[in-house]
Amino acid sequence: MGLIKNMLYSQARLLRNMELSDQAIFPYYHTVSNDDLPHVKHIYPIKDEKQFIADLEYLARKYKILYPSVFMECLLNGKPLPERSFLLTFDDGMSEVYHVIYPILKSKGIPAVFFLNNSFIDNKNLFYRHQISLIVNHLLNEKTELSALQKAAELLKTAFDGTDKLISEIRKVEFPFHGVLEQVNELLGLSSEDFLETTRPYLSSAQVVEMKNEGFYFGGHTVNHFPLRKLSPEEQKKEIIDSVKWVKDHFDIPYSLFAFPFSDKGIRLSLFESLYEEFPGLVLMGNSGIRKDTAPRMVQRFSLEDPNYSAEDTIPVALAHAQVNKLIFRNKIRR
Ligand SMILES: [Zn+2]
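The shown structure was predicted, so the numbers you read here are calculated from the model rather than taken from an experiment.

A word on a negative patch on the surface
Negative charge collects at one region of the surface, where Glu-182, Glu-186, Glu-193, Asp-194 and Glu-197 lie side by side. It is helix α10 (residues 192–199) that provides the largest number of residues to the negative patch, a total of three residues. With respect to the helices, strands and loops of the structure, Glu-197 is situated in helix α10. What makes Glu-197 exposed here is its relative accessible area of 57%.

Shown next as structure tokens:
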């Protein structure tokens, strides 16, 4: 967390009483669960149902609901978004979206947009970051033979120097070297296929269809959730276009929505232009906090996922942060 944000969080109680600005807001989460999710817990912390419901109650008290159809219509026709409205979004197509989030949203009449990675849907493949969390979980909780630990360290091009060091190396594994995780899995007796089969961590197509029929919106989030900055412009384009196309074709969806995975930092305007060419009605979402974007129809979001802060703290802090950024001319993302 940045210095300014830290400072603002220390004043969160004071900021709670400030008048909120009128802009529409776009919070994002990945998942919500009362259970320990071993594939998530070592990469980021999440809220439980009670905390999530408290967030929704705050939002419903302070903000108007922004329906995805109205959101799309405003962006595509250059109309201003309804004042002080909110639209929730959820990335990665996790199964709790169906089992936990969807029933809560449905009962409260709150709409949302869900961004899917088509290689994960129907539990076909495991996201490599989720694989990292599972390996870390195993190393922390299971006894592993020293020889296996040493071999794992070797695979990561380091010498074994304690489990903590090995865990920090595992956490650092990034695309395109994530193939090494399969080899570590084998050494530790772990299997991604078994985990996918038994836990079913992602949404199924049938669940998406049911939610779509209830009025929830869906968009692409790349095919594989690779970090885009590590891909060539051509590969970036393919990852994005294939995912948006898949969501539209597979679920018979007329609109085009996309959210950037990891970060939208450094994405050039030329990429946006080629995407608009492919999908003339495309609306995109980033995750760089409350900021304006120079790319047309690119809406920035902020995370509400941190369980240490309720929406009542996070939202006034995010809005105050946006004001500070405006003062120092950092409120606009130039591409
Ligand atoms: Zn994601």
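Following the structure, the description resumes.
Some details on the domain arrangement of the protein chain
The assigned domain composition of the protein chain is domain 1 (3–123 + 202–333) and domain 2 (128–197). Just the C-alpha atoms count here: the centres of domain 1 and domain 2 sit 30 Å apart. Approximately 1500 Å² of surface area, both sides summed, lies buried where domain 1 meets domain 2, with 61% of it carried by carbon and sulfur atoms. Where domain 1 touches domain 2, the interface holds two salt bridges. Salt-bridge contacts for Glu-174 lead to Arg-229; the nearest nitrogen and oxygen are separated by 2.8 Å. Inspection of the region where domain 1 meets domain 2 yields eight residue pairs in polar contact (both at pLDDT 80 or more). Across the side of domain 1 that touches domain 2, the residue classes break down as ten nonpolar, four polar and three charged.

Points about the packing of helix α1 (residues 3–10) against helix α14 (residues 311–327)
The geometry of α1 relative to α14 is characterised by a closest axis approach of 9 Å and an angle of 135° between their N-to-C directions. With respect to α14, the axis of α1 lies oblique. Helix-helix and strand crossings are classified by hand; for α1 and α14 the assignment is right-handed. Across the interface between the two elements, Ile-4, Lys-5, Leu-8 and Tyr-9 from α1 touch Asp-313, Thr-314, Val-317, Ala-320, His-321 and Val-324 from α14. In terms of residue class, the contact of α1 with α14 is built from six nonpolar, two polar and two charged.

A closer look at the packing of aromatic side chains
Taken as a whole and judged by the stated rule, the model has 20 aromatic pairs. With 5.0 Å between their ring centres and 20° between their planes, Phe-120 and Tyr-202 make a pair best called stacked. Of this pair, Phe-120 sits in the loop between β5 (112–116) and α6 (128–141) while Tyr-202 sits in the loop between α10 and α11 (205–213); the two residues are 82 residues apart in sequence, bridging distant segments of the chain. Joined through ring pairs, the aromatic side chains of Tyr-29, Phe-52, Phe-90, Tyr-98, Tyr-102, Phe-114, Phe-216 and Phe-218 make up one cluster.

Here we look at the coordination of the zinc ion
Surrounding the zinc ion are the protein donor atoms Asp-92 (OD), His-221 (NE2) and His-225 (NE2), at 2.0 to 2.1 Å. Each donor residue of the zinc ion lies on the same chain, and together they follow the pattern D-x128-H-x3-H. With Asp-92 in the loop between β4 (88–91) and α5 (96–108) and His-221 in the loop between β6 (217–220) and α12 (233–250), this residue pair connects regions lying 129 residues apart in the sequence. By the burial criterion, Asp-92 is buried, and His-221 matches it.

Criteria and thresholds
Residues numbered from 1 in each chain as written. Predicted model: local features only at pLDDT ≥ 70, side-chain atom pairs only at ≥ 80, totals over all residues. Heavy atoms only, no water. Patch = residues over 30% accessible without salt bridge, like charges linked within 9 Å, V, L, I, M, F, W, Y side chains within 5 Å. Areas by Shrake-Rupley, 256 points an atom, 1.4 Å probe, with all protein chains shown as cover. Salt bridge = Lys/Arg side-chain N within 4 Å of Asp/Glu carboxyl O. Lys, Arg positive; Asp, Glu negative; His and termini not counted. Charge placed at Lys NZ, Arg CZ, Asp CG, Glu CD. Helix = DSSP H or I, 4+ residues; strand = E, 2+ residues; numbered from the N terminus. Buried < 20%, exposed > 50% of the residue type's maximum accessible area, 1.4 Å probe, protein only. Domains from an automatic or database assignment. Buried area = accessible area lost by both parts, 1.4 Å probe. Polar contact = N/O pair within 3.5 Å; in protein donor to acceptor, adjacent residues only side chain to side chain. Nonpolar A, V, L, I, M, F, W, Y, C, P; charged D, E, K, R; others polar. Axes fitted to C-alpha atoms, helices over the stretch in contact; angles between N-to-C directions. Parallel < 35°, antiparallel > 145°, perpendicular 65-115°, else oblique. Left-handed = near helix turned anticlockwise from the far one by under 90°. Contact = heavy atoms within 4.5 Å. Phe/Tyr/Trp six-rings, centres within 6.5 Å; stacked < 30°, edge-to-face > 60°. Donors = N, O, S within 2.8 Å, 3.2 Å for Na, K, Ca; no water.

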